[in-house]
Each structure stands twice: as structure tokens, then as C-alpha cells.
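Report on the structure
One-letter residues, chain by chain:
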Amino acid sequence: MDLGLTDKVALVAASSRGLGRAVAEEFAREGARLVMCARGEDDLNRTRNRIARDTGSQPVAVAADLTDPEGVRHVADTAAEAFGQVDILVTNTGGPPSGPFEAHSPEAWRTAVAQNLESVLNLTRAVLPGMRERDWGRIINVTSIAVKQPVDGLILSNSVRAAVTGFARTLANEVARDGVTVNNVMPGYTRTARLDWLAGQIAAREGIDREAAFDRWASEIPAGRVGDPAEFAALVTFLASERASYITGTSIPVDGGWIRALV
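Here's what I pulled together on the structure shown here. Residue positions are given per chain, counted from 1 along the sequence in the order it is written. It should be noted that, the model being predicted, local features are given only for residues of pLDDT at least 70 and side-chain atom pairs only at 80 or more, the latter also being counted only at that level, while totals for whole chains, interfaces and linings use all residues. Just so you know, side-chain values use all the structure's heavy atoms and leave hydrogens and water out.

**Let's talk about helix 5 (residues 155-175)**
Selection criterion: Here a helix means four or more residues in a row that DSSP labels H or I, a strand means two or more in a row labelled E, and each is numbered from the N terminus. A helix is expected to reach a length of 1.5 Å times the quantity of its residues less one. Per-residue accessibility, obtained with a 1.4 Å probe over protein chains only, is compared with the maximum for each type, and a residue is labelled buried under 20%, exposed over 50%, and partly exposed between these values. We call two residues in contact whenever any of their non-hydrogen atoms come within 4.5 Å of each other.
Across its 21 residues, helix 5 extends 31 Å between first and last C-alpha, which sits within 8% of the 30 Å expected from 1.5 Å per residue. Along helix 5, the residues that are buried comprise Leu156, Ser157, Asn158, Val160, Arg161, Val164, Thr165, Ala168, Leu171, Ala172 and Val175. The inward-facing, buried residues of helix 5 abut helix 4 (106-134), strand 5 (137-142), strand 6 (180-187) and strand 7 (251-254).

Take a look at the structure:
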């Protein structure tokens, strides 16, 4: 299937590892021109070089803190200098800490909002005008299954990612006539560094083996296993394609059937 992504410019946030890296790799394989960003410059450059070697593409890597509006501006300006525009935006950030309500200070809430909501708003603000001018654009937000079925112990993520969902659903209606689609993709339990970290948190808190935490998650998933980042990236890439031009305002899980809701 030709997804029509050759020479489209894709900006993928938090793409040095995990889900963002898998998405960046998939875009590069499809022939998109790629802008990658993450906070850690060394990890980002290593990933950029690996993708260039494996796909023959020449991604642009920008180290920046997306909780800082100046960091977002730096990424957007670099993309404009390198390619002239951004056609596809994939917003993505690491998840906030786990724990119950009483465990999180007001500062922890402010940090979660800056990381998981304001970064989405600022990235969108930076690239949306150009998309509307060209009558074509794709905005895809990486959220979480927690916005559909809250996960115990993840009150920060449950709350802030739900705000992203409301923003995206509303924005989708505002820009649909301009050829811009806005969708959310909700990863389920997927084998990434984030999930390894959560497994370690559970193991330390409950006095169990780390793999026992993974076994518990797998037992809750009808597919009987946690996901692979490449499986998640496949959907993101499709939503960015020409073939997905009539899909907007949706939140789609990639979770092996974990969410039990009908819709």
C-alpha cells in the first residue's frame, strides 16, 4: 500500500527511544523527511544515526525541552530551516510519575501539565497555521489507554492526557475543512523503557519480581502479551497517510483488547 508519505515532512516528538523512536523509524521507511526531537542529545543523535543507516534517510535531530515554549520554538524553527514546513506532527512525551493523589505535590501537577498538555498545545500552535495555509496536515497525539479506562495509580496521566483528548477532539472540528486531521492514538501496555520503569516501581512497592509485573499486565490483555512499539507505529503512520484523509477526531487504542468498552 502506498501511503503517500514520500517527501512529506514529519516532526516526531520524544523520538530518541520507545514509541517515538518506532514512529520515526516507520516514517523514514515510508520516505518521509524526518525531524526528530528529544531532551537527551546523545541518545537522540545515536537514534538519528541508526535510522539514517538503516533507511537511507537523513533525519534532522533537535535536542530540546518541550516543556519550555522556547524549546518548542527552536524545534519548529529548525524544521522550517531544514524543510520549509511541517506536514505531520506527532506529539509525544514521557508519562508522569505513578502514585496515588496524596503522593503528588502541586509542583508535580504543574510539571505534568507542562509536559503532557502544554507541550501539545505549543507544538500544535507552531505548525498548524502552515498546515491550514497548504490545506493539508496531520496532527497525531500519543495519549494513553488511561483516557478511556483509567489505570489505578496513574492519576497524573489519567487526568492530563484526558485534557489532551478534549483539546484534540475540539480542534479536529475547527480544522477539518482545511484538510487537517487531528487524531489521538492510545497505546496500551507496550514494551518500552517507560513500561520497564513502571514495572520496577511496582516490583519495589509490592516486593515482587519485575517480570511478575509484566505477567500481571499480560494476564489482563486478551492478546495475552504486551505490545511491540512497531505495532503502535504502524497505526500512527497510517493515520498520517493520504489513505486516512476521512479519519479525524478519533482516539484509537493499540492495546491488544485491554479496553473493555463498546465504543
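**Concerning the pairing of strand 1 (residues 9-12)**
Put simply, the test is: When the strands point away from the viewer, a crossover counts as right-handed if the path from the first strand over the helix to the second runs clockwise. Two strands make a pair as long as DSSP finds a minimum of two bridges between them.
A two-sided burial pattern is seen for strand 1, the buried positions comprising Val9 and Leu11 on one face and Ala10 and Val12 on the other. In this fold, strand 1 hands off to helix 1 (residues 18-29), which returns the chain to strand 2 (residues 33-38); that crossover is right-handed. Pairing analysis gives three bridges linking strand 1 to strand 4 (residues 88-91), with the strands arranged parallel. Note on strand 4: the bridge partner recorded for Ala10 is Ile88.

**Side note on the packing of aromatic side chains**
To keep it simple, the criterion reads: In this analysis, rings of Phe, Tyr and Trp, with Trp reduced to its six-membered ring, are considered paired at centre separations within 6.5 Å, and the interplanar angle assigns stacked below 30 degrees, edge-to-face beyond 60, and tilted for intermediate values. Charge-over-ring contacts are defined here by two conditions on Lys NZ or Arg CZ: a distance within 6 Å of the ring centre and an angle within 35 degrees of the ring normal.
Enumeration over the complete set of coordinates arrives at four aromatic pairs. Look at Tyr189 and Trp217: their rings are 5.1 Å apart centre to centre, the planes differ by 20°, and that puts the pair in the stacked class. A residue pair is termed long-range when its members are at least 10 positions apart, and Tyr189 in the loop between strand 6 and helix 6 (193-206) and Trp217 in helix 7 (residues 210-220) qualify at 28 residues. Trp217 gets classed as buried once you look at its relative accessible area, which sits at 6%. One aromatic cluster is present, formed by Tyr189, Phe214, Trp217 and Trp258 through successive ring pairs. Over the face of the ring belonging to Trp136 we find Lys8, whose NZ or CZ atom lies 3.9 Å from the ring centre. The ring of Phe214 has Arg191 lying over it, and the distance from NZ or CZ to the ring centre is 3.6 Å.

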